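Single-letter residue listing:
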Amino acid sequence: MHLTLTPLGYIESCFKEKFGIPRQPGLVQAARASLRLLPPFDRAEAVRGLDGFSHVWLIFGFHGTADGGWRPTVRPPRLGGNQRLGVFATRSTFRPNPLGLSVVRLAGIDTSHGVRLEFSGADLLDGTPIYDIKPYLPYADAITDACGGFAPDEPAIAVDIVFTPEAERHLEQASRARPQIRALVEEMLRYDPRPAYFGSSDRRKDFGVRLYEFDVKWRIDDGRAVVTALERCEA
Ligand code: SAH
């Protein structure tokens, strides 16, 4: 059977680029995402009963990397990027069918105009197409004695975060529109997103990433992440 999938809607996420997105959901609880269902799925009855669940599974398309095709083996960042494992032994985005699977907290359901779902703890790029939503069933989905292969535990916290006085001022401004932005910056940076993206030989010290409508800038200094600015982007 060859499936044709129709997006139920597209994610609006705080993450506007791949860099900085956590490697799995749940690691950055302050990461918010929202989904407005498109017709003909935008009917309140289609989500009847969902409010009883704290978490849902999202099946989505890796639209940002789908053009890259797939490879039978990949180098998980978790292993320092120098060991190859089979694609099906990893959560690589470069898969034969570029489908992602994330469990996220269901933070809200609004059925006043169509259907809008709010999620937290998401690891999703802005614009991600969502193909299915399923309730998380603790009795079946939570397996307490499971083995985690090459990724047995959540990643270690890699850096302390400090804000310069100027960044504190920017943060105060930004928090008016985005109350959770401090938590988001702290939770995102503490895992040090660099190794997933830059080789260990990379000597750069200044980094930037877009969160919501802000360019967040930081510097790696003596094992700490020093946030220097949050600047509102043009447009
Ligand atoms: N929880 C999912 C995703 C794991 S990979 C799964 O296991 O299937 C996590 C990475 O996917 C993130 O670091 C982010 O950079 C990337 N990602 C998230 N949404 C994406 C998208 N729409 N297209 C491409 N990559 C995406």
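Residues numbered from 1 in each chain as written. Predicted model: local features only at pLDDT ≥ 70, side-chain atom pairs only at ≥ 80, totals over all residues. Heavy atoms only, no water.

A.B. asks: What should I look at first to understand the overall build of the chain in this one?
C.D. replies: Check the secondary structure of the chain and you find three helices and twelve strands. Considered along the principal axes of its C-alpha atoms, the chain spans approximately 50 × 45 × 35 Å. Out of the 235 residues belonging to the chain, those deemed buried represent 37%. A sequence separation of at least 24 residues applies to 71% of the contacts in the chain between residues at least 6 apart. Looking at charge distribution, the chain has the averaged site of its 30 positive side-chain charges lying 4 Å from that of its 30 negative ones. (Helix = DSSP H or I, 4+ residues; strand = E, 2+ residues; numbered from the N terminus. Buried < 20%, exposed > 50% of the residue type's maximum accessible area, 1.4 Å probe, protein only. Contact = heavy atoms within 4.5 Å. Lys, Arg positive; Asp, Glu negative; His and termini not counted. Charge placed at Lys NZ, Arg CZ, Asp CG, Glu CD.)

A.B. asks: When you look at the packing of aromatic side chains in this model, what are you seeing that I'm missing?
C.D. replies: What describes a pair of aromatic rings is the distance from one ring centre to the other and the angle between the planes of the rings. All chains considered together, the criterion is met by four aromatic pairs. Geometrically, the ring pair formed by F19 and W218 is stacked, given 5.9 Å between the ring centres and 20 degrees between the ring planes. Of this pair, F19 sits in the loop between strand 1 (9-13) and strand 2 (32-36) while W218 is found in strand 11 (residues 214-221), placing the two residues 199 residues apart along the sequence. Relative accessible area serves as the criterion here: at 6%, F19 is assigned to the buried category. Assessed through its relative accessible area of 1%, W218 is described here as buried. Their ring planes at 80 degrees and their centres at 5.1 Å tell us that F60 and F62 sit as a pair that is edge-to-face. An identical accessibility class is assigned to F60 and F62; each is buried. An aromatic cluster is present here, built from F19, F207 and W218 joined pairwise through their rings. Against the face of F94 rests R71, its NZ or CZ located 4.8 Å from the ring centre. (Phe/Tyr/Trp six-rings, centres within 6.5 Å; stacked < 30°, edge-to-face > 60°. Lys NZ or Arg CZ within 6 Å of the ring centre and 35° of its normal.)

A.B. asks: How do you make sense of the site of the ligand when you look at a structure like this?
C.D. replies: Around the ligand, a shell composed of 21 residues is seen, among which H63, R91, L101, D123 and T128 lie nearest. D123 is positioned such that a nitrogen or oxygen atom in its side chain is 2.8 Å from a nitrogen atom of the ligand. When isolated, the ligand has an accessible area of 560 Å², and the protein chains bury 93% of it. Sorting the residues of the shell around the ligand by element identifies strand 3 (55-61) and strand 6 (99-110) as the ones contributing at least two each. Considering every element that reaches the shell around the ligand, the biggest residue donor is strand 6, with three residues. Residues belonging to the shell around the ligand are distributed by class as follows: eight nonpolar, nine polar and four charged. (Near = heavy atom within 4 Å. Polar contact = N/O pair within 3.5 Å; in protein donor to acceptor, adjacent residues only side chain to side chain. Areas by Shrake-Rupley, 256 points an atom, 1.4 Å probe, with all protein chains shown as cover. Nonpolar A, V, L, I, M, F, W, Y, C, P; charged D, E, K, R; others polar.)

A.B. asks: When you look at a nonpolar patch on the surface in this model, what are you seeing that I'm missing?
C.D. replies: The grouping of M1, L3, L5 and L99 at the surface amounts to a nonpolar patch, some 470 Å² of accessible area in total. Residue placement: L5 occurs in the segment before strand 1. (Patch = residues over 30% accessible without salt bridge, like charges linked within 9 Å, V, L, I, M, F, W, Y side chains within 5 Å. Salt bridge = Lys/Arg side-chain N within 4 Å of Asp/Glu carboxyl O.)

A.B. asks: Please clarify how the pattern of salt bridges should be interpreted in this entry.
C.D. replies: Close approach of charged atoms lets side chains of opposite charge pair. Applying the stated criterion to the full structure yields nine salt bridges. Note that R232 is salt-bridged to E213, the shortest N-O span being 3.9 Å. Of this pair, R232 sits in strand 12 (residues 224-232) while E213 sits in the loop between strand 10 (206-211) and strand 11, and the two are 19 residues apart along the sequence. Given a relative accessible area of 54%, R232 falls into the exposed group. Classification of E213 by relative accessible area gives buried; the value is 17%. Close ionic contact of E231 with K217 constitutes a salt bridge, the shortest N to O distance being 2.9 Å. In this pair, E231 sits in strand 12 while K217 sits in strand 11, placing the two residues 14 residues apart along the sequence. Residues joined by salt bridges that share partners form a network here, namely E168, R182 and E186.

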